[in-house]
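Here's the letter readout for the chains.
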Amino acid sequence: MSAILITFYFLAAITLATAFLTIYSRNPIHSAIYLVLCFFSIAGHYLLFNAQFLAIVHIIVYSGAIMVLFLFTIMLMNLNKEDEVHKPRITRLGAIVVFIVISIVLVTIFINSKTIMGDYDTTGEDFQSIRKLGTVLLNEYMVPFEFASILLLVAMIGVVLLSKKEKTEKK
C-alpha cells in the first residue's frame, strides 16, 4: 500500500468517526468540536487532491469563521439540560441505523469503483492559481458570492435577536 492510500484511509476514518460523533454527542459544545475535527480531516482530503488553496480556504471559512459563529450561538442561547427536550431512544437508534446504512453503501461503492487509468489532455493553464480563482469568483460568480455574504449577515443578525434577553417588569 502506498503512503497516499494509507493517508486517505486514515483521513476517511477520522471524517466518518467525527461526523458520527457530531450527530451522536449530547453536549452541543462537544458536537461543535467534533465538527471542527471533521472539517480539518476534509481539508486533509483536499490536500491529497493537490488543492492547497481550497484546503486553506476550507479551514479558514468553515473551521474558523462558521464554527466560531456556531459556538457563539450555542453559548449565547444558554442551553441547559433542564430546558432541553428529551429525545427518545428511537431517534438515537434511527441515527445509528442511518449512519450504518450510509456507511455500508459508501464503502460498497468505493470497493466496486474502478480507477480511471490513462492519459489526460493538458492545456498548460494553471487552474490552481489564486489569480485564476479570483478572476472566476469575482466575474462569473459575483452574484452567488454576494448572496453568501448577505446570508451570513442575516445569520449574525438572527443570532443577536435570539440571544437578546426579554425584559421582565418588576412590581
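Higher on the page you've got the structure.
**Overview of the overall build of the protein chain**
Thought 1: Tallying secondary structure elements over the protein chain gives 6 helices and 0 strands in all.
Thought 2: Burial analysis of the protein chain (171 residues in total) assigns 13% to the buried set.
Thought 3: A separation threshold of at least 6 residues defines the contact pool for the protein chain, and within that pool the share at least 24 residues apart is 60%.
Thought 4: Of the roughly 14200 Å² of accessible surface on the protein chain, a fraction of 71% belongs to carbon and sulfur atoms.

**Examining the packing of helix 1 (residues 3-24) against helix 2 (residues 28-48)**
Thought 1: Where helix 1 meets helix 2, the closest approach of the two axes is 8 Å, and the angle between their N-to-C directions is 155°. By the angle between their axes, helix 1 is roughly antiparallel relative to helix 2. For the element pair helix 1 and helix 2, the recorded crossing hand is left-handed. Contacts between helix 1 and helix 2 pair Ile4, Thr7, Phe8, Leu11, Ala12, Ile14, Thr15, Thr18, Ala19, Leu21 and Thr22 from the former with Ser31, Tyr34, Leu35, Leu37, Cys38, Ser41, Ile42, Gly44, His45 and Leu48 from the latter.
Thought 2: Among the residues making up the contact of helix 1 with helix 2, the classes are represented as 13 nonpolar, 8 polar and no charged.

**Details of the packing of aromatic side chains**
Thought 1: Counting across every chain of the model gives 6 aromatic pairs.
Thought 2: Their ring planes at 40° and their centres at 4.5 Å tell us that phenylalanine 20 and phenylalanine 99 sit as a pair that is tilted. Of this pair, phenylalanine 20 sits in helix 1 while phenylalanine 99 sits in helix 4 (residues 89-112), placing them 79 residues apart in sequence.
Thought 3: Taking the relative accessible area as the measure of exposure, phenylalanine 99 reaches 27% and is therefore partly exposed.
Thought 4: A cation over a ring is seen here: arginine 92 above tyrosine 24, with NZ or CZ 4.4 Å from the ring centre.

**Some points on the nonpolar core**
Thought 1: Core analysis: the biggest nonpolar cluster contains 5 residues, these being Ala32, Val36, Phe39, Met67 and Ile74.
Thought 2: Put simply, the parts of the chain that give this core at least two residues each are helix 2 and helix 3 (52-77).
Thought 3: Per-element accounting of this core gives the leading share, 3 residues, to helix 2.
Thought 4: With residues near it in sequence (within four places) discarded, methionine 67 still touches Ala32, Leu35, Val36, Phe39 and Tyr62.

Conventions we followed
Residues numbered from 1 in each chain as written. Predicted model: local features only at pLDDT ≥ 70, side-chain atom pairs only at ≥ 80, totals over all residues. Heavy atoms only, no water. Helix = DSSP H or I, 4+ residues; strand = E, 2+ residues; numbered from the N terminus. Buried < 20%, exposed > 50% of the residue type's maximum accessible area, 1.4 Å probe, protein only. Contact = heavy atoms within 4.5 Å. Areas by Shrake-Rupley, 256 points an atom, 1.4 Å probe, with all protein chains shown as cover. Axes fitted to C-alpha atoms, helices over the stretch in contact; angles between N-to-C directions. Parallel < 35°, antiparallel > 145°, perpendicular 65-115°, else oblique. Left-handed = near helix turned anticlockwise from the far one by under 90°. Nonpolar A, V, L, I, M, F, W, Y, C, P; charged D, E, K, R; others polar. Phe/Tyr/Trp six-rings, centres within 6.5 Å; stacked < 30°, edge-to-face > 60°. Lys NZ or Arg CZ within 6 Å of the ring centre and 35° of its normal. Core = buried A, V, L, I, M, F, W, Y, C linked by side-chain atoms within 4.5 Å.

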